[in-house]
Amino acid sequence: MSIHKYEVFVKVVELGSLTKAAELLGFTQSGISHTLSALEAEFGFTLLIRNRSGVKLTMNGEQVLRPIREILQWNEQLKQEVAAIHGLEVGTLTVGTFTSVSVHWLPDMIKQFRREYPYIEFKLMEGGYLEIEQWIEAGVVDCGFLSLPTREKFEVIPLKKDRMLAIVAKEHPISSAPYFPLPQIAHEDFIIPKTGSDYDVRRVLEKAGIVPNIKFSAGDDYAIMAMVEKGLGMSILPELVLTRQNYNISMLELEERSFRSLGIAVNSIKHASPATRRFLKHVELWLKVNT
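What comes next concerns the included structure.

The number of helices and strands found in the chain is eleven helices and eleven strands. Dimensions along the principal axes, computed over C-alpha positions, put the chain at roughly 70 × 50 × 35 Å. The buried share among the 291 residues of the chain stands at 47%. Long-range contacts, defined here as pairs at least 24 residues apart, represent 70% of the contacts in the chain between residues at least 6 apart. Of the roughly 15100 Å² that the chain leaves accessible, carbon and sulfur atoms contribute 53%. Taking the average place of the 33 positive charges on the side chains of the chain and the average place of its 35 negative ones, the gap between the two points comes to 2 Å.

In structure tokens:
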């Protein structure tokens, strides 16, 4: 059985299209189709249902997807270990992340990491906390940044406490107050992050026993800031999200200080690839120096 066939299969599943997988891997669509057919012949059952809208896993395909991903992870780890023996640092590191970390941490983290390990490539996958947890568990990413607590089965390195702040338009009557009174939130039009990204905000509201008057839900932190700037409502966002933003808004400490706890998680540090273990140590050191 060929590792190459596994790589093609997983890439087709991730992209949901034979055409897109062919373009990314540098093959013809017929070449991709032939590879998948050969793999199905080896297994003795159909892996994918092909139709005009793309591809869909069969039940048997779903059953073998995770072990195939694990084989590819172990193969990548083997390549990295062999390279390390020869004094080289190579490999691909797939990291699950969300917007504020992608914008404010990762560019400099990766830049400094690649000074020491220039041949390690990065693939970033952005999503909400739930998506990142699912990616870590399924082996889609090597590690992922998360808001804690997360799943007990993960190994987690706590990184930083990030303040949660109220944001209002500059024209808001409370915009120059020393803090935002928690009971007042219930009387404001509220803009909340989309489901899957709203964990930190809802935790603040639930802890205070507040039922917000939700007027809008937005999938992008910067869209929320733009809406607040135009007076469409208030919101609560982490301080890291608000760093270096250019919107005409006021940021206020909450009456009862609240934080989100950020960390980075893996399925197992012991079984992580050499590149992943080095990156985890680098992330800890970078934060100690830069925050």
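As enumerated under the stated definition, the model contains nine aromatic pairs in all. The interplanar angle of 80° and the centroid separation of 6.3 Å between the aromatic rings of Tyr129 and Tyr199 together place this pair among those described as edge-to-face. One end of the pair, Tyr129, is in helix α7 (residues 129-138); the other, Tyr199, is in helix α8 (residues 199-207), with 70 residues separating them in the sequence. A relative accessible area of 34% places Tyr199 in the partly exposed class.

Further remarks concern the pairing of strand β11 (residues 259-266). Among the eight residues in β11, six count as buried, and that is most of the element. In the sheet, strand β5 (residues 143-148) pairs with β11 via five bridges, with the strands oriented antiparallel. Each residue of the ladder has a partner; that of Phe145, found in β11, is Ile264. Summarising the sheet, strand β6 (residues 155-169) and β11 pair through eight bridges and their orientation is antiparallel. Its bridge partner being in β11, Pro158 is matched across the sheet by Gly263.

With 35 residues, the main nonpolar core has Trp105, Met109, Phe145, Leu159, Ile264, Phe279 and Val283 as its most contacted residues. In this structure, Tyr6, Phe9, Leu18 and Val55 belong to the second largest nonpolar core, which totals 20 residues.

With that settled, the discussion passes to the side chain of Glu133. Within the secondary structure layout, Glu133 lies in helix α7. Residues within four places of Glu133 in sequence aside, it is in contact with Leu146, Thr150, Arg151 and Phe154.

On to the side chain of Thr35, then. Position of Thr35 relative to the elements: it lies in helix α3 (residues 29-43). Those residues in contact with Thr35, other than ones at most four positions away along the chain, are His4, Lys5 and Val8.

With that out of the way, let us pick up α3. Compared with an ideal rise of 1.5 Å per residue, which puts 15 residues at 21 Å, α3 spans 21 Å between its outermost C-alpha atoms and is within 8% of the ideal. Within α3 the residues assigned to the buried category are Ile32, Thr35, Leu36, Leu39, Glu40 and Phe43. The arc enclosing the buried residues of α3, seen along the axis, measures out at 135°, which places them on a common side. Away from its buried face by more than 90 degrees, α3 exposes Ser30, His34 and Ala41. The inward-facing, buried residues of α3 abut α1 (3-15), α2 (18-25), β1 (48-51) and α4 (59-85). Residue Gly44 follows α3 closely and has a positive phi angle near 85°.

The subject of this paragraph is the packing of α2 against α3. Across the interface, α2 lies against α3 with an axial gap of 8 Å and an inter-helix angle of 105°. Classified by the interaxial angle, the pair formed by α2 and α3 is roughly perpendicular. Between α2 and α3, the residues in contact are Leu18, Thr19, Ala21, Ala22 and Leu25 and Gln29, Ile32, Ser33 and Leu36, respectively. In the contact of α2 with α3, the residues fall into six nonpolar, three polar and no charged.

Let us look at helix α11 (residues 274-290). Given a rise of 1.5 Å per residue, 17 residues ought to cover 24 Å, and the 24 Å separating the end C-alpha atoms of α11 matches this to within 8%. Burial in α11 covers these residues: Pro274, Ala275, Thr276, Phe279, Leu280, His282, Val283, Trp286 and Leu287.

With that settled, consider a nonpolar patch on the surface. On the surface, Leu15, Leu24, Leu25 and Phe27 cluster together into a nonpolar patch covering about 340 Å² of accessible area. Topologically, Leu25 is positioned in helix α2.

Per the counting criterion, the structure on display carries 18 salt bridges. One salt bridge in this structure joins Glu40 and Arg50, with 3.7 Å as the shortest N-O distance. Here Glu40, found in helix α3, pairs with Arg50, found in strand β1; they are ten residues apart in sequence, far enough to count as distant. Accessibility expressed as a relative area gives 13% for Glu40, which makes it buried. Across the pair Arg260 and Asp162 runs a salt bridge whose closest N-O atoms are separated by 2.9 Å. Here Arg260 is found in strand β11, whereas its partner Asp162 is found in strand β6, with 98 residues between them in sequence. Note on accessibility: Arg260 and Asp162 belong to one class, buried.

Conventions and cut-offs
- Residues numbered from 1 in each chain as written.
- Predicted model: local features only at pLDDT ≥ 70, side-chain atom pairs only at ≥ 80, totals over all residues.
- Heavy atoms only, no water.
- Helix = DSSP H or I, 4+ residues; strand = E, 2+ residues; numbered from the N terminus.
- Buried < 20%, exposed > 50% of the residue type's maximum accessible area, 1.4 Å probe, protein only.
- Contact = heavy atoms within 4.5 Å.
- Areas by Shrake-Rupley, 256 points an atom, 1.4 Å probe, with all protein chains shown as cover.
- Lys, Arg positive; Asp, Glu negative; His and termini not counted.
- Charge placed at Lys NZ, Arg CZ, Asp CG, Glu CD.
- Phe/Tyr/Trp six-rings, centres within 6.5 Å; stacked < 30°, edge-to-face > 60°.
- Pairing = 2+ DSSP bridges.
- Core = buried A, V, L, I, M, F, W, Y, C linked by side-chain atoms within 4.5 Å.
- Expected span 1.5 Å × (residues − 1).
- Arc of directions from axis to C-beta.
- Axes fitted to C-alpha atoms, helices over the stretch in contact; angles between N-to-C directions.
- Parallel < 35°, antiparallel > 145°, perpendicular 65-115°, else oblique.
- Nonpolar A, V, L, I, M, F, W, Y, C, P; charged D, E, K, R; others polar.
- Patch = residues over 30% accessible without salt bridge, like charges linked within 9 Å, V, L, I, M, F, W, Y side chains within 5 Å.
- Salt bridge = Lys/Arg side-chain N within 4 Å of Asp/Glu carboxyl O.

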